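As a plain string of letters, each chain reads:
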Amino acid sequence: MKVFVLNGPNLGRLGSREPLIYGNETYADLVRLCEETGAELGVEVEVRQTDHEGEMLGWLHEAADAGSPVVLNAGAWTHYSIAVRDACSQLTEPLVEVHISNVHKREEFRHHSHISGIATGVIVGLGLTGYELALRFLAKKARP
Ligand code: DQA
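- If you look the protein chain up in an unreviewed UniProt entry, it shows as 3-dehydroquinate dehydratase from Allokutzneria albata.
- Per UniProt, the protein chain has the following entry under Sequence similarities (unreviewed entry): "Belongs to the type-II 3-dehydroquinase family."
- UniProt lists a comment for the protein chain under the heading Subunit (unreviewed entry), and it reads "Homododecamer."

### Topic: the UniProt feature "site: Transition state stabilizer" (unreviewed entry) in the protein chain
Step number 1: The residues that UniProt annotates with the feature "site: Transition state stabilizer" (unreviewed entry) are Arg17.
Step number 2: With respect to the helices, strands and loops of the structure, Arg17 is situated in the loop between β1 (2-7) and α1 (19-22).
Step number 3: For Arg17, the contacting residues outside a window of four places in its chain are Pro9, Asn10, Leu11 and Tyr22.

### Digging into the pattern of salt bridges
When the charged atoms of two side chains with opposite charge come close together, those side chains can pair.
Step number 1: Applying the stated criterion to the full structure yields eight salt bridges.
Step number 2: Ionic pairing is found between Glu107 and Arg110, a salt bridge with its closest N-O pair at 2.7 Å.
Step number 3: The class of Glu107 is partly exposed, set by a relative accessible area of 35%.
Step number 4: A cluster of three or more residues bridged by salt bridges with shared partners is formed by Lys2, Glu46, Arg48 and Glu62.

### Some points on the nonpolar core
Step number 1: With 23 residues, the main nonpolar core has Val5, Leu14, Cys34, Val71 and Tyr131 as its most contacted residues.
Step number 2: Those elements that place two or more of their residues in this core are β1, α2 (27-41), β2 (44-49), β4 (95-99) and α6 (129-142).
Step number 3: Considering every element that reaches this core, the biggest residue donor is α6, with five residues.
Step number 4: If you look at the next biggest cluster of nonpolar residues, it comprises 19 residues, including Ala63, Val70, Val84 and Ile115.

How each quantity is defined
- Residues numbered from 1 in each chain as written.
- Predicted model: local features only at pLDDT ≥ 70, side-chain atom pairs only at ≥ 80, totals over all residues.
- Heavy atoms only, no water.
- UniProt positions renumbered as here; feature names shortened; annotations may be inferred.
- Helix = DSSP H or I, 4+ residues; strand = E, 2+ residues; numbered from the N terminus.
- Contact = heavy atoms within 4.5 Å.
- Salt bridge = Lys/Arg side-chain N within 4 Å of Asp/Glu carboxyl O.
- Buried < 20%, exposed > 50% of the residue type's maximum accessible area, 1.4 Å probe, protein only.
- Core = buried A, V, L, I, M, F, W, Y, C linked by side-chain atoms within 4.5 Å.

Written out as structure tokens, the structure is:
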């Protein structure tokens, strides 16, 4: 089983981006955490990040065609992109929505997610640990 860990806009700037909200860990730390967790679980993990919506749509189509589970942090697209939601709707395996910050403690416009209504589950506010927990859930679901 291969799991796609897909990250949307501005997440490549983790570490320098608003550290009081997103912490000091970098995007490279996020990639390492996911790869190490995957290795521990015996699951192939592919971590990607893009600032371009069309590229994200292509990756979601790829995951749909491959029958792969997805961990998705769509960043700001979460709150307004129906195109990203429509691409997520085509997935056939579980989808875990992750947000590093607790979006419900933040501005009103971050409280609504277009993804949550079609996700298998949602993890918010647990920092990078949210990605690790999402991968553990997916591995357990595939091999109970
Ligand atoms: C985020 C929360 C979003 O509201 C924001 O636009 C992001 C990051 C998070 O991981 O906490 O880019 O998805």
